[in-house]
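Working through the structure, step by step
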Amino acid sequence: MKIIAKNIEQKGLAIYPVTKESNKYKFSAEMDQILWRDENTLVVGLGSKKDLTAERVRKATSIAVSEIKRRKIKIFSIHLKSFEDYVKAVVESLVLSDYNFDKYKKEKSERIDTVNLICRANQKLIDETKIICENVNFVRDLVNESSDVLTPVKMADAAKNM
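Owing to the predicted nature of the structure, the values given are computational and were not obtained by experimental measurement. (Residues numbered from 1 in each chain as written. Predicted model: local features only at pLDDT ≥ 70, side-chain atom pairs only at ≥ 80, totals over all residues. Heavy atoms only, no water.)

The subject of this paragraph is the side chain of T129. As for its placement among the helices and strands, T129 is situated in helix α3 (residues 123–144). Accessibility expressed as a relative area gives 4% for T129, which makes it buried. Setting aside anything within four residues of it in sequence, one finds T129 in contact with K88, V91 and E92. (Helix = DSSP H or I, 4+ residues; strand = E, 2+ residues; numbered from the N terminus. Buried < 20%, exposed > 50% of the residue type's maximum accessible area, 1.4 Å probe, protein only. Contact = heavy atoms within 4.5 Å.)

Further remarks concern the packing of aromatic side chains. Within the structure shown, the criterion is met by one aromatic pair. Lying across the ring of W36, R71 places its NZ or CZ 3.8 Å from the centre. (Phe/Tyr/Trp six-rings, centres within 6.5 Å; stacked < 30°, edge-to-face > 60°. Lys NZ or Arg CZ within 6 Å of the ring centre and 35° of its normal.)

With 17 residues, helix α1 (residues 54–70) should cover 24 Å at 1.5 Å per step; its first-to-last C-alpha distance of 24 Å lies within 8% of that length. Phi for K72, located one or two positions after α1, is positive at around 60°. (Expected span 1.5 Å × (residues − 1).)

Another point: unusual backbone geometry. Non-glycine residue D32 carries a positive phi angle of around 80°. As for its position among the elements, D32 is in the loop between β2 (14–18) and β3 (34–38). You will see that K72, though not glycine, has its phi angle at about 60°, which is positive. Looking at the element boundaries, K72 is found in the loop between α1 and β5 (75–79).

Below, the discussion takes up the nonpolar core. Nonpolar side chains in soluble globular proteins generally cluster together in the buried interior. Counting residues in each nonpolar core, the largest one holds 33 residues, and the members touching the most others are I15, F76, I78, L80, V87, L94 and L117. Listed by contribution, the elements that provide at least two residues to this core are β4 (41–45), α1, β5, α2 (87–97), β6 (114–118) and α3. For this core, the leading source of residues is α2, giving six residues. Once residues within four sequence positions are removed from consideration, F76 is found in contact with L13, I15, I68, L94, I112, T114, V115 and N116. (Core = buried A, V, L, I, M, F, W, Y, C linked by side-chain atoms within 4.5 Å.)

Another aspect to go through is the pattern of salt bridges. Two side chains that carry opposite charge are able to pair once their charged atoms sit near each other. Following the criterion strictly, the structure yields 13 salt bridges and no others. Across the pair K69 and D98 runs a salt bridge whose closest N-O atoms are separated by 3.3 Å. Highlighted residues: K69 in helix α1 and D98 in the loop between α2 and β6, separated in sequence by 29 residues. Residue K69 shares its accessibility class with D98, and that shared class is buried. When the shortest N-O distance is used, the salt bridge between E145 and K103 registers 2.8 Å. (Salt bridge = Lys/Arg side-chain N within 4 Å of Asp/Glu carboxyl O.)

The share of residues in the protein chain with pLDDT of 70 or more is 96%, and the mean pLDDT across the chain is 88. Looking at the elements of the protein chain, mean pLDDT is at its lowest for β2, recorded as 83, and at its highest for α2, recorded as 95. (pLDDT = per-residue confidence, 0-100.)

One open sheet accounts for six strands, arranged β1-β6-β5-β2-β4-β3; its pairing is mixed. With one partner strand each, in any of the chains shown, β1 (2–6) and β3 form the two edges of the open sheet. Neighbour-to-neighbour, the strand axes of this sheet turn through a mean angle of 25°, independent of strand direction. Two strands pair when backbone bridges link them, and β2 and β5 are joined in this way by two bridges, in the parallel orientation. Residue pairing in the sheet places I15 in a bridge with I78 of β5. Running over the sheet, α3 touches β1 and β6 and is turned about 160° from β1. (Pairing = 2+ DSSP bridges. Axes fitted to C-alpha atoms, helices over the stretch in contact; angles between N-to-C directions.)

In structure tokens:
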């Protein structure tokens, strides 16, 4: 998955996180709520601004990712200009929510290709966070593998090659 910080609008699907206070979309903006305004606009509720935390942003991003994967959308933008303090939480949730251990399945799960974060965030912060989360997913792969396939010797080799 590519995650790119951009300072300009992009064409295609756009996700807008909103709090109750910043809500211009005429829905209650409760935590866990989503609203498809049209085929290219997904609004995600974050609850009240005073209750906003990085964990709430992670959860809301995960809900949006599930909805996007369900619709088989590969490229989208998230508008974070009002929530730039939470860019790291968004990146964590994007990468970790896109994980599926489907190595042995005939039909592979849908994966996100590119996410444009509309904000003034530092690309280095995004890249570092993405690397950490990709390594978490790598360890998830190791843990999900059966012991007859991932022997102690193979696990040691995987650790050396990280």
